[in-house]
Amino acid sequence: MIQDLDFERPISELELKIEEFKQLSNGQGKDLSKEILKLELKCARLKEETFANLSRWQRTLLARHPNRPYTLDYISYIFHNFIELHGDRLFSDDPSIVGGLAKLDDRSVLVVGQQKGRNFKEKVYRNFGMPHPEGFRKALRLFTLAEKYHLPVITLIDTPGAYPGLGAEERGQAEAIAKNLFVMAELKVPIISVIIGEGGSGGALALGVANRVLMLEYAIYSVISPEGCAAILWQDGEKAQEASEALKLTAYDLLPLKVIDEIIKEPLGGAHRNPALMAVNLQEALKAYLADLSTFNPEELVQQRHEKFRQMGVFKEL
Amino acid sequence: MWFARNKTELKKIGDNNKLDIPEGLWIKCNACKAIVYKKEVEKNSKVCPKCNYHFRISAQERIDLLTDPSTFEEVDSLLTTADPLKFKDSKRYPERVNQANKALGIREAVICGSGRLNNTLIQLCIFEFNFMGGSMGSVVGEKISRSIERAIDQHIPLAIVSCSGGARMQEGILSLMQMAKVSSCLAKFFKQGLPYISILTDPTTGGVSASLAMLGDIIIAEPGALIGFAGPRVIEQTIKQKLPEGFQRAEFLLKHGMIDMVVARRELKQTIGNIINHLGFN
Ligand SMILES: [Zn+2]
């Protein structure tokens, strides 16, 4: 089911028309090839215009697009032999974070990511991609497992944020996130993180202390959601569009701030228009970065990761 | 996440969000509502003599409380924001910083330096809540990172007193990255076998709690301090019910195994001193 965002609708309507014309052409032997060509050209131009001038808010909506590929979609496209592993060995298994062993080409890796649900039932099961402490602790357990067996770690980040609830607080949400930052900083294997959709605050960063941080073109990464920021600073949750502009949360904002290393191009119209092509682009990047990181020894990996985050921030000294 | 609360929200969230004790000879306790003699409260380290309520104190008062007289030497006081996002809501971000700077005479939400605690030299970082809610942006992250590195260089213990609403929104993603930065520095610090005592005061939430605050070798909280990841208001909105009494307070965290101890303010210095001594530093 295609669920369109407002600014996608004119494109979808054109695409529908092209489809109709094609069927008309086929069924009744009418030659509409000229008209079809014209429409296709118009559609391509419209797509390009629309996506060349996206506002930060529109990018936010794309990052949350209901048809956007999620972590398990990418896992099945990019890796093979995936064996999912469960549980934090302390309290429970959190379905909003998935992780396991997988092969990238012929190389075994550990892959972990937040998982959102597609339909309502799944969304509830995955808690809308908002982990509890046990999710972060499962990830942590898997990170140390990877370290033990010298497996590179790949994390796919897609969460509105860590879940703000009673149980989450009781079981130490803050401690769980802090511990992940701390342990990832010292992990002796290569870590590559990819923000594939929503990079929501501490819940995203808890999987994001990596040697290389990549970001899909229409993903967002932010200290707070635009809605949350608007509610606090504008005292009006409806001002989310303004807040999204102020927060500078797109891939193109984050690259010059050196928060990310590379923007992975999305197919025209966004990853959901062509998930397979998106996965191919991402797979290529992962392979290249992994090959590069494999040239460093464990101490170098830890040291360069430390230096990467140590120099983050912009300030002046009077 | 820090934000400027208006007065009605202040009351709604809790009874101990008053920033300062008002002028006059007598003051009303935020918790038990008793009218108490101001001088008595001040002599008592700003703790209510009737109900043990801990009034919030400034970073400077905290320095006086924890370090031996005239031993604290501040560093990095000239670091200030560069407004990397050119952030503006109803006000420009640099205006907010200037305002806090004028009101408090400090340039950022944390004061860092070295000092002696019962004669032991330590690196000390203290959050100032009155400076934009003690929020952590690039400068706070940098100052704390430098303090951790100084503690490594000098091979001395580190103590951080948290009092913060979390990451500073006005520096967006860069504030989030400070969590990773200070955590990475702490990981290096621990490899040296050095002790880090984390002291949590009211409030310690958001990105500060989810990084440096919860990473102490020993975590001590002041009585009644609000400590958590999400703020109470956000949780109430999410679960659509009122939070139970005492939820996210220091005693609640102690019960749930998240902190080592709750220590009254008047015993704080001695307790830290004893711990550092046990761990082999004096
Ligand atoms: Zn009282």
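Residues numbered from 1 in each chain as written. Chains lettered and ligands numbered in written order. Predicted model: local features only at pLDDT ≥ 70, side-chain atom pairs only at ≥ 80, totals over all residues. Heavy atoms only, no water.

*Asks:* Mind showing me how you'd approach the overall build of chain B here?
*Replies:* Helix and strand content of chain B: ten helices and ten strands. A globule of 282 residues ought to have a C-alpha radius of gyration of about 19 Å, and chain B, at 18 Å, matches this closely. Projected onto the principal axes, the alpha-carbon positions of chain B cover approximately 45 × 45 × 40 Å. Across the 282 residues that make up chain B, the buried fraction comes to 62%. Here chain B displays about 11200 Å² of accessible surface, and carbon together with sulfur accounts for 50% of that area. Here chain B contributes 37 positively and 29 negatively charged side chains, and the mean placements of these two sets differ by 5 Å. (Helix = DSSP H or I, 4+ residues; strand = E, 2+ residues; numbered from the N terminus. Rg over C-alpha atoms; globule rule 2.2 N^0.38 Å. Buried < 20%, exposed > 50% of the residue type's maximum accessible area, 1.4 Å probe, protein only. Areas by Shrake-Rupley, 256 points an atom, 1.4 Å probe, with all protein chains shown as cover. Lys, Arg positive; Asp, Glu negative; His and termini not counted. Charge placed at Lys NZ, Arg CZ, Asp CG, Glu CD.)

*Asks:* What is the right way to look at the packing of helix α1 (residues 9–28) of chain A against helix α2 (residues 33–52) of chain A in this model?
*Replies:* To characterise two packed helices, one gives the angle between the axes of the helices and the distance between these axes. Residues and elements named next belong to chain A. In the contact formed by α1 and α2, the axes pass within 10 Å of each other and the chain directions differ by 165 degrees. It follows that α1 is roughly antiparallel to α2 by the angle criterion. For the crossing formed where α1 meets α2, the hand is left-handed. Between α1, through Pro-10, Ile-11, Leu-14, Glu-15, Lys-17, Ile-18, Phe-21, Lys-22 and Ser-25, and α2, the contact on the second element is made entirely by Ser-33, Glu-35, Ile-36, Leu-39, Glu-40, Lys-42, Cys-43, Leu-46, Lys-47, Thr-50 and Phe-51. (Axes fitted to C-alpha atoms, helices over the stretch in contact; angles between N-to-C directions. Parallel < 35°, antiparallel > 145°, perpendicular 65-115°, else oblique. Left-handed = near helix turned anticlockwise from the far one by under 90°. Contact = heavy atoms within 4.5 Å.)

*Asks:* Explanation requested: the packing of helix α10 (residues 226–233) of chain A against helix α11 (residues 240–247) of chain A in the structure shown.
*Replies:* All names here are of chain A. It is at 8 Å that the axes of α10 and α11 come closest, and there the two elements cross at 105 degrees. In terms of axis orientation, α10 runs roughly perpendicular to α11. Contact residues: α10 offers Pro-226, Glu-227, Cys-229 and Ala-230, while α11 offers Ala-240, Ala-243, Ser-244 and Leu-247. Here the contact of α10 with α11 is built from residues that sort into six nonpolar, one polar and one charged. (Nonpolar A, V, L, I, M, F, W, Y, C, P; charged D, E, K, R; others polar.)

*Asks:* Can you walk me through the side chain of Lys-46 of chain B in this structure?
*Replies:* All names here are of chain B. Mapped onto the secondary structure, Lys-46 falls in the loop between α2 (38–43) and α3 (59–66). Under the relative-accessibility criterion, Lys-46 is labelled buried at 9%. Engagement of the side chain of Lys-46 in a polar contact is seen with the side chain of Glu-61, the distance being 2.7 Å. (Polar contact = N/O pair within 3.5 Å; in protein donor to acceptor, adjacent residues only side chain to side chain.)

*Asks:* Even after reading the chapter, I still don't get the coordination of the zinc ion, so can you show me in this structure?
*Replies:* Note on metal geometry: ideal angles are 109.5 degrees for four donors arranged tetrahedrally and 90 or 180 degrees for six donors arranged octahedrally. Residue and element names in this part refer to chain B. Within the protein, the atoms that donate to the zinc ion are Cys-29 (SG), Cys-32 (SG), Cys-48 (SG) and Cys-51 (SG), at distances of 2.2 to 2.4 Å. Viewed at the metal, the four donor atoms of the zinc ion are separated by angles of 108 to 112 degrees, and the geometry they form is tetrahedral. Sequence spacing of the donors to the zinc ion: C-x2-C-x15-C-x2-C. One end of the pair, Cys-32, is in the loop between β1 (26–28) and β2 (35–37); the other, Cys-51, is in the loop between α2 and α3, and 19 residues separate them in sequence. (Donors = N, O, S within 2.8 Å, 3.2 Å for Na, K, Ca; no water. Tetrahedral: all angles 85-135°; square planar, octahedral: opposite > 155°, others 65-115°.)

*Asks:* For this particular structure, what's the right way to read the interface of chain B and chain A?
*Replies:* Many authors give the size of an interface as the accessible area that is lost as the parts come together. With 64 residues of chain B in contact, the opposing surface of chain A contributes 51 residues. Carbon and sulfur atoms make up 72% of the surface buried where chain B meets chain A, a total of about 5000 Å² over both sides. Contact with chain A buries surface across chain B, with Ile-173, Met-177 and Phe-229 of chain B losing the most and accounting together for 13% of the total. At the boundary of chain B and chain A, one finds four salt bridges. Linking Arg-146 of chain B and Glu-317 of chain A is a salt bridge whose minimum nitrogen-to-oxygen distance equals 3.0 Å. Scanning the region where chain B abuts chain A turns up 16 residue pairs in polar contact (both at pLDDT 80 or more). Breaking the side of chain B that touches chain A down by element, the ones donating at least two residues are β4 (79–81), α5 (138–154), α6 (172–191) and α8 (232–239) of chain B. When residues of the side of chain B that touches chain A are assigned to their parent elements, the largest contribution, 18 residues, is made by α6 of chain B. (Buried area = accessible area lost by both parts, 1.4 Å probe. Salt bridge = Lys/Arg side-chain N within 4 Å of Asp/Glu carboxyl O.)

*Asks:* What exactly am I supposed to notice about the pattern of salt bridges here?
*Replies:* Opposite charge on two side chains permits pairing when their charged atoms draw close. Residues and elements named next belong to chain A. Scanning the entire structure with this criterion turns up 40 salt bridges over all chains. In this structure, the salt-bridge partner of Glu-198 is Lys-116, at a minimum N-O distance of 2.7 Å. You can see Glu-198 sitting in strand β5 (residues 191–200) and its partner Lys-116 sitting in the loop between β3 (107–114) and α5 (120–125), a full 82 residues away along the chain. Classification of Lys-116 by relative accessible area gives buried; the value is 8%.

*Asks:* Could you clarify how one ought to interpret a nonpolar patch on the surface in this entry?
*Replies:* Side chains of Leu-25, Trp-26, Ile-35 and Tyr-37 of chain B sit close together on the surface and give an oily, nonpolar patch of about 450 Å² of accessible area. Inspection of the secondary structure puts Trp-26 of chain B in strand β1. (Patch = residues over 30% accessible without salt bridge, like charges linked within 9 Å, V, L, I, M, F, W, Y side chains within 5 Å.)

*Asks:* Just to check I follow, could you spell out the nonpolar core for this structure?
*Replies:* One recurring pattern in soluble globular proteins: nonpolar side chains tend to sit buried together. Membership of the largest hydrophobic core comes to 169 residues, with the highest contact counts inside it found for Tyr-74, Phe-79, Tyr-221 and Leu-286 of chain A together with Ile-144 and Leu-212 of chain B. In contact with Leu-212 of chain B, not counting residues within four places along its chain, are Phe-127, Met-136, Ile-144, Ile-160, Ser-162, Val-182, Leu-186, Tyr-196 and Ser-198 of chain B. Grouped together as the second largest cluster of nonpolar side chains are 13 residues, Leu-5, Ile-11, Ile-18 and Leu-54 of chain A included. (Core = buried A, V, L, I, M, F, W, Y, C linked by side-chain atoms within 4.5 Å.)

*Asks:* It is not clear to me how the confidence of the model for chain B should be interpreted in this structure. Could you clarify?
*Replies:* Low pLDDT means the predicted coordinates in that region are not meant to be read closely. Residues and elements named next belong to chain B. For chain B, the average pLDDT comes to 92, and 92% of its residues sit at 70 or higher. Predicted confidence for residues 4–19 stays below pLDDT 50, and this span has 24 contacts to residues more than four positions away or in other chains. Interface confidence in the predicted complex, given as ipTM, is 0.95; pTM for the same model is 0.94. (pLDDT = per-residue confidence, 0-100.)

*Asks:* I keep staring at the sheet that holds strand β10 (residues 261–262) of chain B and nothing clicks. Help me out?
*Replies:* Sheets are built from strands paired through backbone hydrogen bonds, the pairs being either parallel or antiparallel. Residues and elements named next belong to chain B. The strand order β3-β5-β6-β7-β8-β9-β10 describes an open sheet built from seven strands, whose pairing is mixed. At either end of the open sheet lies a strand with only one pairing partner, and these are β3 (73–75) and β10. Note that strand β7 (residues 158–164) and strand β8 (residues 196–204) share six bridges and pair parallel. Residue pairing in the sheet places Ala-159 in a bridge with Ile-197 of β8. Contacting β3, β5 (110–117), β6 (120–127) and β7, α5 crosses the sheet at an angle of about 170 degrees to β6. (Pairing = 2+ DSSP bridges.)

*Asks:* Mind showing me how you'd approach the packing of aromatic side chains here?
*Replies:* The way to describe two aromatic rings as a pair is by their centre distance and the angle between their planes. Applying the stated criterion across every chain, the model contains nine aromatic pairs over all chains. Ring centres of Phe-247 of chain B and Phe-252 of chain B lie 4.9 Å apart, and the angle between their planes is 65 degrees; this geometry places the pair in the edge-to-face category. Taking the relative accessible area as the measure of exposure, Phe-247 of chain B reaches 6% and is therefore buried. An aromatic cluster of three or more residues is present, and its members are Phe-182 of chain A together with Phe-189, Phe-190 and Tyr-196 of chain B. Cation over ring: Arg-118 of chain A sits above Tyr-70 of chain A, and NZ or CZ is 3.9 Å from the ring centre. (Phe/Tyr/Trp six-rings, centres within 6.5 Å; stacked < 30°, edge-to-face > 60°. Lys NZ or Arg CZ within 6 Å of the ring centre and 35° of its normal.)

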